[in-house]
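What follows is the residue order along each chain.
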Amino acid sequence: MPGHVPASTSVTIPWEGERHMATTTNKQRLFTQLLTLAEHPAGGFEETLPVLEQFIYGLCRENATREQADSAFENLKDRFFDWNEIRVSTNRELEEAMEGLSDTETRAQRLISFLQEVFETDFSFDLEGMHKKGLKVAAKALVRYGASNDYVGAWVVQRSLGGHAIPVDAPTLRCAQRLGIIDAEVEEIEAVRATLEHLVPKTKNQAFTDGISEVAEQFCWEEEPNCSACPLRADCPTGQEVGAGAVAAGRATRAKPR
Ligand code: SF4
């Protein structure tokens, strides 16, 4: 993990136990900062992708950074002649192309399964007809693919279909819970997504997704998040508790007789 600073003291970390919700004022500041962080995304080419490719990019982007997803997606497009060649390739070949992502075996299986399902249904690799279906029908059709899930469906709706959706993967969930934007008790993805879609304006949904992904990548790591360097710390209840714990631990260490 780049810039990962290991914890130097024994600090009680609150995110495995009781978490606090951010106050309304803090939430507003957190959203403003998250959207600011997303103003300088590292890429953004996915916004121009057709629906089928956006679905495949979503398969790569879930639980991955933008850079990892970009690299895997570009490898798939560079190393294979077309989507049909990918459909008939081996799992192993696709795993190699997606190197750098987590659980490439499952992602490769999902990719082949998706392309096979599209091919058997439409005899082509073109899902642009989704634009004419209407948003609700298209969103339901997207999650009906065997390889789909709530994240990929929401990703395509947000990036290609112009709808209001917030895709929720593990880093988004972790970061939103620690920030106190959503209740820590709510773990069901659809409920988390509905809450975030209520809180985030439609015009800002991509910026929110990019911003929280950036924070999760740069600071809010699963183990030992780098709260001391995180720009959201002043308004983050977890960051505040970590800071208070570190101060208390420092005092206890100084008080020990030598
Ligand atoms: S301060 Fe930043 S890194 Fe720490 S828990 Fe909050 S969002 Fe995560």
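Keep in mind that this is a model prediction, so the values were computed, not measured.

Attention shifts here to the overall build of the chain. Regarding its fold elements, the chain presents 13 helices and 0 strands. Taken from N to C terminus, the helices and strands of the chain fall in the order α-α-α-α-α-α-α-α-α-α-α-α-α. Out of the 258 residues in the chain, the part that is buried amounts to 48%. About 13,300 Å² of surface is accessible on the chain, with carbon and sulfur atoms providing 51% of the total.

What follows deals with the site of the ligand. Taken together, Arg-178, Leu-179, Phe-219, Cys-220, Pro-225, Cys-227, Cys-230, Arg-233, Cys-236, Thr-238 and Gly-239 make up the full set of residues near the ligand. Counted by class, the shell around the ligand contains 7 nonpolar, 2 polar and 2 charged residues.

Here we take up the environment of Phe-219. Tracing the sequence through the fold places Phe-219 in the loop between helix H12 (205–218) and helix H13 (237–255). In this structure, the C-alpha to C-alpha distance between Phe-219 and Leu-232, residues 13 residues apart in sequence, is 9.7 Å. In this structure, Phe-219 is in contact with Pro-225, Asn-226, Ala-229, Cys-230 and Pro-231, ignoring residues within four places of it in sequence.

Side chains three or four residues apart in an α-helix point the same way, a direct result of the helix having 3.6 residues per turn. In this model, helix H6 (residues 104–122) (19 residues) spans 27 Å end to end at C-alpha, consistent with the 27 Å of a helix rising 1.5 Å per residue. Where the residues of H6 are buried, they touch helix H2 (51–61), helix H3 (66–79), helix H4 (83–87), helix H5 (91–97) and helix H9 (150–159). Immediately downstream of H6, the backbone of Phe-123 shows phi near 55°, a positive value.

Let us look at the confidence of the model for the chain. As a general rule, the predicted coordinates of low-pLDDT regions are not to be interpreted in detail. For the chain, mean pLDDT is 86; residues scoring 70 or higher make up 84% of the total. Per-residue pLDDT, averaged within each element of the chain, yields its smallest value for H13 (64) and its largest for H2 (98). In this model, residues 1–13 is a region of pLDDT below 50 whose contacts with residues beyond four sequence positions or in other chains number 19 contacts.

In the contact formed by H2 and H6, the axes pass within 10 Å of each other and the chain directions differ by 165°. The orientation of H2 with respect to H6, classified from their angle, is roughly antiparallel. H6 is crossed by H2, and the crossing has right-handed handedness. Residues Leu-52, Phe-55, Ile-56, Leu-59 and Cys-60 of H2 pack against Arg-107, Arg-110, Leu-111, Phe-114, Leu-115 and Val-118 of H6.

The rules behind the values
Residues numbered from 1 in each chain as written. Predicted model: local features only at pLDDT ≥ 70, side-chain atom pairs only at ≥ 80, totals over all residues. Heavy atoms only, no water. Helix = DSSP H or I, 4+ residues; strand = E, 2+ residues; numbered from the N terminus. Buried < 20%, exposed > 50% of the residue type's maximum accessible area, 1.4 Å probe, protein only. Areas by Shrake-Rupley, 256 points an atom, 1.4 Å probe, with all protein chains shown as cover. Near = heavy atom within 4 Å. Nonpolar A, V, L, I, M, F, W, Y, C, P; charged D, E, K, R; others polar. Contact = heavy atoms within 4.5 Å. Expected span 1.5 Å × (residues − 1). pLDDT = per-residue confidence, 0-100. Axes fitted to C-alpha atoms, helices over the stretch in contact; angles between N-to-C directions. Parallel < 35°, antiparallel > 145°, perpendicular 65-115°, else oblique. Left-handed = near helix turned anticlockwise from the far one by under 90°.

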